[in-house]
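So you can see what is in the structure, the chains are spelled out below.
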Amino acid sequence: MIKIILGTNRKNSVSKLIAQQYQQILKEKGADSEILELEDLPADFIETALYENNGKNEAFNEFHKRVSEGKKFVFIVPEYNGSFPGILKTFIDGMTYPNNFRNKKAALVGLSSGIGGGGIALSHLTDIFHYLGMHVLALKPKLAKIEQNMSDNLLTNKLYLELLHTQAEMLLEF
């Protein structure tokens, strides 16, 4: 099962809408997937599940287990202040090093309200995943001016949709 990681903990985010649409694309291609939302992380996980507290927070342990079971991932990554959200980095830091991501495969999708489409965020995240031994798919769609390319909570830009379909096919073959 492919794990779709929603790279923000913001409630009612555009990223969540894109994750749901990506999940539908995977379903159309015959692939099962599960969306993991960082907003579902325990509010206190930074203090109760990291470093010397590793393994002590049962709610985080359950989230960790669901991630660990994944072999392929899609990360929906919004751009925050020129990079990706801090919650995403903290979540990654809470995973077991290096086993959770080593030799696993990831597809990255960036999005932004501005013109960059999260390109710098995807570059930063790619570097981190390479360090962790994860294989990152080369095609990384950058969905710029995201709100202007949506209608009725769905992505409508034909090029963006084509890129997501192509990336999903590549991930399935990856």
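Further up the page is the structure itself.
Because the structure is predicted, anything quoted here is derived from the model rather than measured. Per-chain numbering applies: the sequence of each chain, read as written, is numbered from 1 onward. Totals for whole chains, interfaces and linings use all residues, but because this is a predicted model, local features are given only for residues with pLDDT of at least 70 and pairs of side-chain atoms are given and counted only at 80 or more. Values reported for side chains reflect all heavy atoms of the structure, with hydrogen atoms and water molecules removed beforehand.

A. Quick look at the nonpolar core. Throughout, nonpolar core names a set of buried Ala, Val, Leu, Ile, Met, Phe, Trp, Tyr and Cys residues whose side chains join them through atoms within 4.5 Å. Relative accessible area decides the class of each residue, using a 1.4 Å probe on protein chains only: under 20% of the type maximum gives buried, over 50% gives exposed, and in between gives partly exposed. With 29 residues, the main nonpolar core has Phe75, Leu88, Phe91, Phe101 and Phe129 as its most contacted residues. Think of it this way: any DSSP run of H or I at least four residues long counts as a helix, any run of E at least two long counts as a strand, and we number them from the N terminus. Of all the secondary-structure elements, those providing two or more residues to this core are α3 (58–68), β3 (72–78), α4 (86–94), β4 (105–111) and α5 (119–131). Here, two residues are considered to be in contact whenever any of their heavy atoms come within 4.5 Å of each other. Beyond its immediate stretch of four places on either side in the chain, Phe91 contacts Ile5, Leu38, Leu41, Phe45, Phe63, Val67 and Phe75. Ile4, Ile76, Tyr160 and Leu171 belong to the second largest nonpolar core, which has 25 residues in total.

B. Looking closely at α5. Take the residue count of a helix, subtract one, and multiply by 1.5 Å to get its expected span. When the terminal C-alpha atoms of α5 are compared, their 19 Å separation across 13 residues agrees well with the 18 Å that a helix rising 1.5 Å per residue should span. Structurally, α5 contributes buried residues whose contacts are with β3, α4, β4, β5 (135–136) and β6 (142–143). Of the residues trailing α5, Gly133 is marked for its positive phi of about 85°.

C. Fine view of the packing of α4 against α5. Packing of α4 against α5 leaves a shortest axis separation of 12 Å and a crossing angle of 5°. With respect to each other, α4 and α5 are oriented roughly parallel. Where α4 approaches α5, its residues Leu88, Lys89 and Ile92 are matched on the opposing element by Leu125, Ile128 and Phe129. Residue type decides the class: Asp, Glu, Lys and Arg count as charged, Ala, Val, Leu, Ile, Met, Phe, Trp, Tyr, Cys and Pro as nonpolar, and the leftover types, Gly among them, as polar. Taken together, the residues that form the contact of α4 with α5 break down as 5 nonpolar, no polar and 1 charged. Simply put, an axis is a line fit to the C-alpha atoms, just over the touching stretch for a helix, and the angle between two N-to-C directions goes from 0 to 180 degrees. Here the word oblique covers every angle except those under 35 degrees (roughly parallel), over 145 (roughly antiparallel) and from 65 to 115 (roughly perpendicular).

D. Region of interest: the environment of Ser151. Topologically, Ser151 is positioned in strand β7 (residues 150–151). Here Ser151 falls in the partly exposed class, since its relative accessible area comes to 39%. Sequence separation between Ser151 and Lys29 is 122 residues, and the spatial gap between their C-alpha atoms is 23 Å.

E. Representation of the pairing of β4 within the structure. Of all 7 residues that make up β4, 6 are buried, and the element is covered over most of its length. Sheet topology places β3 next to β4; 7 bridges connect them, and they run parallel. Across the sheet, the residue bridging to Ile76 is Val109, located in β4. Handedness is read with the strands pointing away from the viewer; a crossover is right-handed when the path from the first strand over the helix to the second is clockwise. In this fold, β3 hands off to α4, which returns the chain to β4; that crossover is right-handed. Paired strands, in this sense, are two strands between which DSSP finds at least two bridges. The pairing of β4 with β5 spans 2 bridges and is parallel. Considered in β5, the bridge of Ala106 is made with Val136. Both β4 and β6 contribute to a ladder of 2 bridges, which runs parallel.

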